[in-house]
Amino acid sequence: MKWIYSVSLAVSLAMQPALAETLPGNHPMTEQARDAFVNQLLKKMTLDEKIGQLRLISVGPDNPKEAIRDMIQKSQVGAIFNTVTRQDIRAMQDQAMQLSRLKIPLFFAFDVIHGQRTIFPIPLALASSWDLDAVKEVGRVSAYEAADDGLNMTWAPMVDVSREPRWGRGSEGFGEDTWLTSEMGRSMVQAMQGKSAADRYSVMTSVKHFALYGAVEGGRDYNTVDMSPQRMFQDYLPPYKASLDAGSGGVMVALNSINGVPATADSWLLKDLLRDKWKFKGITISDHGAIKELIKHGVASDPQEAVRIALKSGVDMSMSDEYYSKYLPDLVKRGDVSMAEIDDAARHVLNVKYDMGLFNDPYSHLGPKESDPQDTNAESRLHRAEARDVARKSIVLLKNRLETLPLKKSGTIALIGPLADSQRDIMGSWSAAGVAKQSVSLLQGMRNATEGKATLLYEKGANVSDNKGIQDFLNLYEPAVSIDTRSPQQMIDDAVAKAKQADVVVAAVGEAQGMAHEASSRSDLIIPPNQQRLLAALKATGKPLVIVLMNGRPLSIVNEDRMADAVLETWFSGTEGGNAIADVLFGDYNPSGKLPVSFPRSVGQIPIYYNHLPTGRPYNFAKPNKYTSHYYDAVNGPLYPFGYGLSYTTFTVSPVKMSSPTMARDGTVEASVTVTNSGQRDGATVVQMYLNDPVASISRPVQELRGFKRIMLKAGESQTVTFKIDVDALKFWNQQMQHVAEPGKFNVMIGLDSVRTENAQFNYL
């Protein structure tokens with residue numbers, strides 16, 4: 001372990017004499033001491049200085065470092081994001097601590113979503129591990145590396161529940177389920193913030209995107225959301241609440257509108273719910289340029305009105321625009337915004353700086369100047385072993401006909417596909433300060449595994465897409481996707497020639513990371529047509545075909561599933577992805593991942609998710625009936641269901657045993673099963689418990705995840721797994737928006753996915 005939680009934060013005033021006026025000593029890290037200090041500081045501040053604290057500036061072409069340093073000296077900036085080297089951060093903090101009037105420290109933030117320098121699997125893949133310890137490991141390492149770069153805050157975790165796979169940002173979240181997303185978000189916050197956001201190797205989290213961003217209409221990024229209060233509180237809000245209850249000091253406000261009101265202008269969301277009902281005391285930060293966008297949303301007529309609405313609605317800090325600094329002074333002078341409202345927003349900013357420990361030591365995440373790394377991207381700064389371990393746990397085996405996998409480390413293997421040798425794509429979107437050349441591609445991982453044992457042949461076979469418009473889109477801001485200039489047919493011919501020489505073919509296909517990113521919504525979910533043609537040609541060779549998927553969303557792969565002898569879902573698995581995938585392909589690691597999303601058969605099935613409401617005319621697969629809820633032109637149900645994932649061994653689950661047939665009011669009951677590894681290999685699996693309330697005052701979902709446990713069993717070993725069910729597991733928001741548990745019968749379903757379960761019942765009295 002490289003992270004340390006017990007490093008002293010104090011830097012003597014003798015070392016930093018410029019702090020003496022504002023920082024008279026070490027301040028106790030208590031809420032009472034913080035409030036007293038911040039109140040006194042606010043009394044010393046001018047209006048302009050208070051407004052300056054509300055400004056979050058991005059380093060970039062519009063704001064070069066030199067201009068930002070001048071703004072810092074004039075107290076026009078409260079925080080910085082998009083700079084990740086100690087030297088740059090130190091220079092900016094020096095400006096604040098040596099040249100500004102009150103010497104109020106800056107905080108520094110970045111999008112550390114699944115790793116800072118070591119890139120872990122994307123969050124959708126992390127959710128596939130169903131392993132909270134693995135998620136905490138990612139959080140701790142990410143926080144360590146971020147803090148070691150001088151950062152104080154991350155724009156993470158993203159806990160937007162999404163049942164819309166067309167939405168590109170689903171790759172940043174934990175899938176379609178409320179319970180799983182809540183558990184993952186809570187674990188990430190606890191791990192990244194540690195015991196205190198002021199600790200040397202902790203960073204403060206800013207949970208996003210508040211709220212309901214994962215439910216944008218049509219899966220189009222930045223779009224609108226229209227949702228009933230019941231669905232909002234039942235399905236979409238709990239993960240934010242769980243992350244805030246875990247202590248997240250920040251909230252990033254969503255870009256979407258909710259029932260006609262942009263979140264940036266929604267005082268019900270940011271004040272009534274967040275502050276008054278949930279008692280949140282941290283900082284709210286707009287998303288990038290969101291205050292300006294209130295004009296285009298149609299709720300503000302001009303910049304001054306946009307600023308007035310945003311601040312009065314509860315947006316403390318403005319990200320990456322000049323609107324607050326430009327228009328708030330006049331709004332205060334005119335009385336359109338009160339000084340009390342300015343003080344309230346500035347207080348939230350100063351509070352989190354205090355909680356970060358910056359008023360004790362503005363350089364706490366920087367250390368002495370002589371400690372700065374000689375090479376920012378040094379290999380020694382990476383955590384490869386942790387990345388490989390987590391990546392292996394995140395891989396899901398979707399199909400394995402006739403035990404095609406694991407592969408033997410002998411004979412000849414052909415590795416084909418546009419993603420097989422891509423160091424950039426394997427890291428996925430939002431890869432922070434990760435360096436592509438330091439990541440392990442699948443080709444390199446398989447070479448490492450087979451060296452001296454098997455012959456490994458490689459051909460690209462196809463570009464990610466042959467569509468020029470898509471190629472240009474993917475390379476718009478960086479040369480992210482390399483384009484082979486051979487003709488598509490020549491690339492396939494060369495790949496087939498290699499495949500014919502092999503005993504087995506591994507095809508690495510799917511999406512480039514830029515296809516599953518912010519602003520990368522898709523109207524379809526298919527693998528690009530040129531990759532489909534490649535797969536068909538490889539299948540025609542008659543060689544066993546293993547498909548390795550790389551992607552940031554569920555894909556529609558009905559035809560690919562028919563062609564393949566085995567299918568491995570690897571998502572975007574990070575810096576050590578190639579080694580991790582090779583570990584699974586060759587059986588050095590037994591796959592144990594489970595899907596956190598349903599895989600639709602076609603885009604026409606969307607939305608398709610496991611915990612849907614029942615209908616008065618449900619479709620029965622065993623006894624189809626015309627006048628029931630179904631599609632007549634396709635197989636109904638997902639291709640792969642929520643919670644699904646295979647192993648190289650087999651597991652059996654016993655009938656459910658209830659500790660009691662009844663559960664007393666506000667009591668508990670336990671449900672148990674015995675799980676047996678009935679195969680020939682040691683392996684892990686995830687036992688999942690679902691509940692169903694069959695008769696209630698409003699329709700309740702056909703099943704809802706209410707517990708899961710990852711267990712490891714040796715071949716032939718059995719283990720009893722017990723879930724405790726309490727009244728909170730039964731509660732829902734009724735028509736009167738009361739959070740209640742109603743007496744009656746409840747169904748308990750326990751299994752290794754959401755479809756194949758053992759069932760029991762109990763009565764809640």
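- For the protein chain, an unreviewed UniProt entry supplies the name Periplasmic beta-glucosidase and the organism Pantoea deleyi.
- Here is the UniProt Subcellular location (unreviewed entry) comment for the protein chain, exactly as written: "Periplasm".
- UniProt, in the comment section headed Sequence similarities (unreviewed entry), describes the protein chain in these words: "Belongs to the glycosyl hydrolase 3 family."

## Some remarks on the overall build of the protein chain
For step 1, the next point in the chain: Secondary structure summary: the protein chain contains 21 helices and 27 strands in total.
For step 2, the next point in the chain: In summary, the protein chain has a C-alpha radius of gyration of 27 Å against a globular reference of 27 Å for 765 residues, a match within 12%.
For step 3, the next point in the chain: The C-alpha extent of the protein chain, read off along each of the three principal axes, is 75 × 65 × 50 Å.
For step 4, the next point in the chain: Pairs at least 24 residues apart make up 78% of the contacts formed inside the protein chain by residues separated by at least 6 positions.
For step 5, the next point in the chain: Summing over all exposed atoms, the protein chain offers an accessible surface of approximately 28600 Å²; the carbon and sulfur share of this is 49%.
For step 6, the next point in the chain: Charged side chains in the protein chain number 82 positive and 86 negative. The centres of these two groups are separated by 2 Å.

## A look at unusual backbone geometry
For step 1, the next point in the chain: The amide bond that connects L405 to the next residue, P406, takes the cis arrangement and shows omega of 5 degrees.
For step 2, the next point in the chain: As for its placement among the helices and strands, P406 is situated in the loop between β11 (396-400) and β12 (412-416).
For step 3, the next point in the chain: Backbone torsion omega between I606 and P607 reads 0 degrees, so that peptide bond is classified as cis.
For step 4, the next point in the chain: Secondary-structure assignment places P607 in the loop between α21 (577-585) and β17 (651-653).
For step 5, the next point in the chain: We note that S75 has phi near 60 degrees; this positive angle belongs to a residue other than glycine.
For step 6, the next point in the chain: Tracing the backbone through its elements, the reader meets S75 in the loop between α3 (65-73) and β2 (79-81).
For step 7, the next point in the chain: One non-glycine residue with positive phi stands out, namely W571, at about 55 degrees.
For step 8, the next point in the chain: Within the secondary structure, W571 sits in the loop between β16 (566-569) and α21.

## Some remarks on the packing of aromatic side chains
For step 1, the next point in the chain: Applying the stated criterion to the full structure yields 21 aromatic pairs.
For step 2, the next point in the chain: Summarising the aromatic geometry, the rings of F37 and Y354 are spaced 5.7 Å apart at their centres and angled 50 degrees between planes, so their arrangement reads as tilted. Placement of the pair is F37 in helix α1 (residues 31-44) and Y354 in helix α14 (residues 339-355), with a sequence separation of 317 residues.
For step 3, the next point in the chain: When its relative accessible area of 3% is taken as the criterion, Y354 is described as buried.
For step 4, the next point in the chain: Considering the side-chain rings of W571 and F599, the 6.1 Å spacing of their centres and the 65 degrees angle between planes classify their relative orientation as edge-to-face. You can see W571 sitting in the loop between β16 and α21 and its partner F599 sitting in the loop between α21 and β17, a full 28 residues away along the chain. F599 carries the same exposure label as W571, and that label is buried.
For step 5, the next point in the chain: Of the aromatic side chains, those joined through ring pairs into one cluster are W130, Y610, F642, Y690 and F708.
For step 6, the next point in the chain: In this structure, R163 is placed above the aromatic ring of Y609, and the distance from its NZ or CZ to the ring centre is 4.3 Å.
For step 7, the next point in the chain: Taking the ring centre of F723 as reference, the NZ or CZ of K709 above it sits at 5.4 Å.

## Overview of the sheet that holds β12
For step 1, the next point in the chain: Read across the open sheet, the six strands follow the order β11-β16-β15-β14-β12-β13; overall the sheet is mixed. Unpaired on one side and paired on the other, β11 and β13 (455-459) mark the two borders of the sheet. The sheet shows a mean angle of 15 degrees between the axes of neighbouring strands, taken without regard to direction.
For step 2, the next point in the chain: With four bridges joining them, strand β15 (residues 545-550) and β16 adopt parallel strand pairing. Residue V546 lies in a different strand from β16, and its bridge partner there is A566.
For step 3, the next point in the chain: Along the sheet, helix α19 (residues 529-539) makes contact with β12, β14 (504-510) and β15, crossing β14 at roughly 170 degrees.
For step 4, the next point in the chain: Sheet strands touched by α21: β14, β15 and β16. Its angle to β15, the strand with the most contacts, is close to 150 degrees.

## Things to note about the sheet that holds strand β21 (residues 683-692)
For step 1, the next point in the chain: Taken together, the five strands give an open sheet; going across it, the order is β19-β27-β26-β21-β22, and neighbouring strands pair in mixed fashion. Whereas interior strands pair on both sides, the edge strands pair on one side only; in this sheet they are β19 (662-663) and β22 (704-713).
For step 2, the next point in the chain: Taken together, the eight bridges between strand β26 (residues 744-751) and strand β27 (residues 757-764) define a ladder with antiparallel strand orientation. Its bridge partner being in β27, M749 is matched across the sheet by N759.

## Some words on the domain arrangement of the protein chain
For step 1, the next point in the chain: Examined at the domain level, the protein chain breaks down into domain 1 (108-363), domain 2 (384-598) and domain 3 (651-764).
For step 2, the next point in the chain: Measuring from the centre of the C-alpha atoms in domain 1 to the corresponding centre in domain 2 gives 33 Å.
For step 3, the next point in the chain: The partner domain 2 presents 40 residues to the 41 residues of domain 1 that form the contact.
For step 4, the next point in the chain: Carbon and sulfur atoms supply 59% of the area buried between domain 1 and domain 2, which totals about 3100 Å² over both sides.
For step 5, the next point in the chain: Scanning the region where domain 1 abuts domain 2 turns up two salt bridges.

## Let's talk about the side chain of R117
For step 1, the next point in the chain: Structurally, R117 can be placed in the loop between β3 (107-110) and α5 (123-129).
For step 2, the next point in the chain: A distance of 2.9 Å separates a polar atom in the side chain of R117 from a polar atom in the side chain of N377.
For step 3, the next point in the chain: Discounting residues that sit within four places of it in the chain, R117 has contacts with V84, E145, D149, T376, N377, R381, L382, A433, G434 and T575.

## Points about the packing of α3 against helix α4 (residues 86-99)
For step 1, the next point in the chain: In contact at an axis separation of 8 Å, α3 and α4 are set at 25 degrees when each is read in the N-to-C sense. On the basis of their axis angle, the class for α3 and α4 is roughly parallel. Relative to α4, α3 is oriented so that their crossing is right-handed. Residues K65, I68, R69, I72 and Q73 of α3 pack against D88, A91, M92, Q95, A96 and L99 of α4.

Conventions used here
- Residues numbered from 1 in each chain as written.
- Predicted model: local features only at pLDDT ≥ 70, side-chain atom pairs only at ≥ 80, totals over all residues.
- Heavy atoms only, no water.
- UniProt positions renumbered as here; feature names shortened; annotations may be inferred.
- Helix = DSSP H or I, 4+ residues; strand = E, 2+ residues; numbered from the N terminus.
- Rg over C-alpha atoms; globule rule 2.2 N^0.38 Å.
- Contact = heavy atoms within 4.5 Å.
- Areas by Shrake-Rupley, 256 points an atom, 1.4 Å probe, with all protein chains shown as cover.
- Lys, Arg positive; Asp, Glu negative; His and termini not counted.
- Charge placed at Lys NZ, Arg CZ, Asp CG, Glu CD.
- Phe/Tyr/Trp six-rings, centres within 6.5 Å; stacked < 30°, edge-to-face > 60°.
- Buried < 20%, exposed > 50% of the residue type's maximum accessible area, 1.4 Å probe, protein only.
- Lys NZ or Arg CZ within 6 Å of the ring centre and 35° of its normal.
- Pairing = 2+ DSSP bridges.
- Axes fitted to C-alpha atoms, helices over the stretch in contact; angles between N-to-C directions.
- Domains from an automatic or database assignment.
- Buried area = accessible area lost by both parts, 1.4 Å probe.
- Salt bridge = Lys/Arg side-chain N within 4 Å of Asp/Glu carboxyl O.
- Polar contact = N/O pair within 3.5 Å; in protein donor to acceptor, adjacent residues only side chain to side chain.
- Parallel < 35°, antiparallel > 145°, perpendicular 65-115°, else oblique.
- Left-handed = near helix turned anticlockwise from the far one by under 90°.

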